[in-house]
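One-letter residues, chain by chain:
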Amino acid sequence: MSDIQFSEHSRDESRFTGECTGVIMAKSAKDIAAALSLGEPFAVQGARTGITGACVPDSCKALDLSGFAGASGMREENGEFAVAVRPGTLLSDLRTMLAKRSFDTQGWDEASLAALESFKNAGEFMFAPDPTEDTASIGGMFATNAGGPASLLYGRTGDNTAALDIRLANGELWHVERGEYAFDEGGCCKLPNGKTLRVSFPESAPLLNPLQPRAGTDLIDLFSGSEGMLGVAEQIWLKLIPKPAVRWSVVFFPNSIECATEFIDGLLSAKEGWECSLTALEYLDGNSLSLFSEFRENQTRLASIPEFHEGAKCAIIAELCASCEDVAEAALGEMLELFAEAGGDEDATWAADTEDEIEKFRQLRHAVPEAVNSTIDKYRVDCPTLTKLAADICRKGVPLCELIPGLTEKLESTGIDYALFAHAGEGHFHVNLIPKDAGEYARGADFLFGLTADTAKRGGMIISENGVGKLKRGLVAGLLPKEQLELMREIKRFFDPSCLLNPNNMFELPL
Ligand SMILES: Cc1cc2nc3c(=O)[nH]c(=O)nc-3n(C[C@H](O)[C@H](O)[C@H](O)COP(=O)(O)OP(=O)(O)OC[C@H]3O[C@@H](n4cnc5c(N)ncnc54)[C@H](O)[C@@H]3O)c2cc1C
């Protein structure tokens, strides 16, 4: 079949394009097992919203899981619920099921049906991780350990996974409960098939999360973020948590970067004494705001978001949850005081306390990376080899007043268009360059390599979200200490010695 037939399966949202030699549509666990029994390599695909080319086939077939979707069961333990979903289930569909408490229960066992009955009579529940890309699949979210703004309070997809059914390259199906299997001090992890995985832990602190277990790492957390290189997740048991009684979202428009960073740093200290919690604290730089303004012109779904305040040099989105309105109000008052102390204007803020209004601010945040990706598409017309060019680095615990001004200055010096946004509460930066041509792309890639190397030198994480995929293999090869790279290879060799699953993700073959 021609390439054109597989064009959709040859790329993801990063615009990285590979060679797809065929597509296997899986609608059941049996289909996945059958695909593996062929003994031929394939790239596992959820919804292809990934932004590092991780699901893009590298001269192999694609295993498309989009048709293997829906909830497959529920359980309750001491008032805590978990829902089991098939890997192709979209985040948006999961949310609808939970909001309406309506599930297609065909094939559910008695225990699941009983849990559903009590779920319907309990309060409102949610699945907390939110990469904001609603069309992502749960399988893909698990395999990339997707985070997003709300991971500040709730953690990532892996943290919110109670159990997992995973099909290994050799065809074995493992059921893994959280807390059942973990690495001990000596690097050993007992496995569901009775065998033991033994690895040598590097002495150095991990520079990234995927395939970097240390003493205490749960087996679920080894699979989460492994980008489909160790097995295919067939069923994921997701922890559900009670919806907070009160949820508010506030957008601040600082008139300078200094005002923004002083405010964020102050807020991060102040929140420790609060009765309520910050669920998200996001930073969008001035370029992000400009890109959004351009992008929204053709997007009717964004029309209800108001125009930004005049003089806004950037934006900060703070979301909080509380047990009652009084507690939220006290926190809001403190936030406004801190903003004023940092030189901000109380009138240059928006606040939302209804689901619809909060959703608007969430859409604003999400539209920024969308705008970056769509601008890349514009330049791809003349230069089709352009892809997303971004660093996702983390300097947890370092005051933002030390990081953001310096980072902004460095980005300005490249002369390349850019957008800087961040999960500011976690010191986690998405540094996006937007090159117009191949020359800028090459220069930009060199710049990001240098920036990431510097992050490593200062003890930060070099890839802290979105994974490695194919686009960031160079960072792994060039910056990871040898012992950490060898650990990744050792684990891959153990689970998939013939490299059937996602060949050439994270590092190039041969193993
Ligand atoms: C505009 C935009 C904003 C985004 N913002 C964020 C963000 O804030 N935070 C964040 O974390 N991500 C973000 N993402 C990235 C993206 O949404 C996530 O990577 C998502 O989790 C991938 O899901 P998917 O179904 O599209 O997976 P795919 O892209 O199809 O696959 C991603 C990886 O998962 C593997 N995989 C998929 N399904 C399975 C399975 N069942 N078993 C084993 N491996 C599997 C694939 O092989 C591949 O390695 C954003 C993306 C976009 C486009």
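Residues numbered from 1 in each chain as written. Predicted model: local features only at pLDDT ≥ 70, side-chain atom pairs only at ≥ 80, totals over all residues. Heavy atoms only, no water.

### Details of helix H8 (residues 286-296)
Right, on to step 1. Within H8 the residues assigned to the buried category are Ser288, Leu289, Leu291, Phe292, Phe295 and Arg296. Along H8, the residues classed as buried sweep out an arc of 165° about the axis, all on the same side.
Right, on to step 2. In this fold, the buried residues of H8 make contact with strand E13 (277-285), strand E14 (314-322), helix H10 (355-380), strand E17 (417-423) and strand E18 (428-434).
Right, on to step 3. Sitting at the head of H8, Asp285 places a side-chain oxygen 3.3 Å from the backbone nitrogen of Asn287. (Buried < 20%, exposed > 50% of the residue type's maximum accessible area, 1.4 Å probe, protein only. Helix = DSSP H or I, 4+ residues; strand = E, 2+ residues; numbered from the N terminus. Arc of directions from axis to C-beta. Contact = heavy atoms within 4.5 Å. Polar contact = N/O pair within 3.5 Å; in protein donor to acceptor, adjacent residues only side chain to side chain.)

### Here's the deal with the domain arrangement of the chain
Right, on to step 1. The domain boundaries assigned to the chain delineate domain 1 (3-64), domain 2 (71-242) and domain 3 (246-436).
Right, on to step 2. Between the C-alpha centres of domain 1 and domain 3 the distance comes to 34 Å.
Right, on to step 3. Taken together, the contact between domain 1 and domain 3 spans seven residues of the former and seven residues of the latter.
Right, on to step 4. The salt bridge partner of Arg15 is Asp377, with a shortest N-O separation of 2.6 Å.
Right, on to step 5. For the pair domain 1 and domain 3, the number of links is four residue pairs in polar contact (both at pLDDT 80 or more).
Right, on to step 6. Residues belonging to the side of domain 1 that touches domain 3 are distributed by class as follows: two nonpolar, two polar and three charged. (Domains from an automatic or database assignment. Salt bridge = Lys/Arg side-chain N within 4 Å of Asp/Glu carboxyl O. Nonpolar A, V, L, I, M, F, W, Y, C, P; charged D, E, K, R; others polar.)

### Quick word on a negative patch on the surface
Right, on to step 1. Together, Glu262, Glu334, Glu337 and Glu341 give the surface a local cluster of negative charge.
Right, on to step 2. With three residues, the top contributor of residues to the negative patch is helix H9 (residues 325-341).
Right, on to step 3. Along the chain, Glu341 turns up in helix H9.
Right, on to step 4. A relative accessible area of 59% means that Glu341 is categorised as exposed. (Patch = residues over 30% accessible without salt bridge, like charges linked within 9 Å, V, L, I, M, F, W, Y side chains within 5 Å. Areas by Shrake-Rupley, 256 points an atom, 1.4 Å probe, with all protein chains shown as cover. Lys, Arg positive; Asp, Glu negative; His and termini not counted. Charge placed at Lys NZ, Arg CZ, Asp CG, Glu CD.)

### Looking at the site of the ligand
Right, on to step 1. Around the ligand there are 38 residues in total, and Val44, Gly46, Thr49, Ser137 and Asn502 lie nearest to it.
Right, on to step 2. Contacts to the ligand include Arg48, whose backbone N or O atom sits 2.9 Å from an oxygen atom.
Right, on to step 3. Contact distances for the ligand include 2.9 Å between an oxygen atom and a backbone N or O atom of Gly147.
Right, on to step 4. Of all the secondary structure elements, the ones that give two or more residues to the shell around the ligand are strand E2 (42-45), helix H4 (138-144), strand E11 (231-242) and H10.
Right, on to step 5. No other element matches the five residues that H4 contributes to the shell around the ligand.
Right, on to step 6. Residue composition of the shell around the ligand, by class: 15 nonpolar, 17 polar and six charged. (Near = heavy atom within 4 Å.)

### Structural notes on the nonpolar core
Right, on to step 1. Core analysis: the largest hydrophobic core is formed by 60 residues, its most contacted members being Phe103 and Phe223.
Right, on to step 2. The dominant element in this core, judged by the number of residues it contributes, is helix H14 (residues 482-495), at five residues.
Right, on to step 3. Excluding its chain neighbours within four sequence positions, the residues that come into contact with Phe223 are Phe142, Leu164, Ile166, Leu168, Trp174, Val176, Leu230 and Phe495.
Right, on to step 4. Of all hydrophobic cores here, the second largest spans 49 residues; its members include Leu267, Ala328, Ile416 and Phe447. (Core = buried A, V, L, I, M, F, W, Y, C linked by side-chain atoms within 4.5 Å.)

### Looking at helix H12 (residues 438-457)
Right, on to step 1. Its 20 residues give H12 an end-to-end C-alpha distance of 29 Å, which sits within 8% of 28 Å, the value for a rise of 1.5 Å per residue.
Right, on to step 2. Every buried residue of H12 is accounted for by Glu440, Gly444, Phe447, Leu448, Leu451, Thr452, Asp454, Thr455 and Ala456.
Right, on to step 3. Looking at the buried positions of H12, the neighbouring elements they touch are strand E16 (389-394), helix H11 (400-414), E18 and helix H13 (473-479).
Right, on to step 4. Its side-chain oxygen 3.1 Å from the backbone nitrogen of Gly439, Asp437 forms the N-cap of H12.
Right, on to step 5. Directly beyond the C-terminal end of H12, a positive phi value near 85° is found at Gly459. (Expected span 1.5 Å × (residues − 1).)

### Thoughts on the sheet that holds strand E3 (residues 58-64)
Right, on to step 1. Ordered in space as E1-E3-E2, the three strands form an open sheet in which the pairing is parallel. Bordering the open sheet on either side are strand E1 (19-25) and E2, each of which pairs with just one other strand. When strand polarity is set aside, the average angle formed by the axes of neighbouring strands in this sheet is 30°.
Right, on to step 2. Sheet analysis places E1 next to E3, joined by five bridges and oriented parallel. In the strand pairing of E3, Ile24 is matched with Leu63. (Pairing = 2+ DSSP bridges. Axes fitted to C-alpha atoms, helices over the stretch in contact; angles between N-to-C directions.)

### Some thoughts on the side chain of Glu234
Right, on to step 1. If you trace the backbone, Glu234 turns up in strand E11.
Right, on to step 2. Residue Glu234 is classed as buried on the basis of its relative accessible area, which comes to 5%.
Right, on to step 3. Ignoring any residue separated from it by four or fewer positions in sequence, one finds Glu234 in contact with Ala29, Ile32, Phe68, Val85, Arg86, Pro87, Asp165, Ile166, Arg167 and Leu173.

### Quick word on the pairing of E11
Right, on to step 1. For E11, a buried count of nine out of twelve residues is recorded, marking the element as mostly surrounded by other parts of the structure.
Right, on to step 2. Bridge count between strand E5 (residues 80-85) and E11: five bridges; the pairing is antiparallel. Its bridge partner being in E11, Phe81 is matched across the sheet by Leu240.
Right, on to step 3. In terms of strand pairing, strand E6 (residues 125-126) meets E11 through two bridges, oriented antiparallel. Bridging across to E11, Met126 finds its partner in Ile241.
Right, on to step 4. Alignment of strand E7 (residues 161-168) against E11, held across seven bridges, turns out to be antiparallel. Looking at E11, one finds that Arg167 is bridged to Val232.

### Looking at the packing of helix H7 (residues 257-270) against H11
Right, on to step 1. Close contact between H7 and H11 brings their axes to 8 Å; oriented N to C, the two are set at 150°. As judged from the angle between their axes, H7 and H11 are roughly antiparallel. Seen from above, H7 lies across H11 with right-handed handedness. On the side of H7, the interface is formed by Ile257, Thr261, Ile264 and Asp265, while H11 contributes Leu400, Cys401, Ile404, Pro405 and Thr408.
Right, on to step 2. Looking at the contact of H7 with H11 residue by residue, the class counts come to six nonpolar, two polar and one charged. (Parallel < 35°, antiparallel > 145°, perpendicular 65-115°, else oblique. Left-handed = near helix turned anticlockwise from the far one by under 90°.)

### Quick word on the environment of Asp265
Right, on to step 1. Structurally, Asp265 can be placed in helix H7.
Right, on to step 2. Judged by relative accessible area, which is 17%, Asp265 ranks as buried.
Right, on to step 3. A C-alpha to C-alpha distance of 9.8 Å links Asp265 and Leu338, two positions 73 residues apart in sequence.
Right, on to step 4. Each residue touching Asp265, except ones within four places of it in the same chain, is listed here: Pro399, Leu400 and Cys401.

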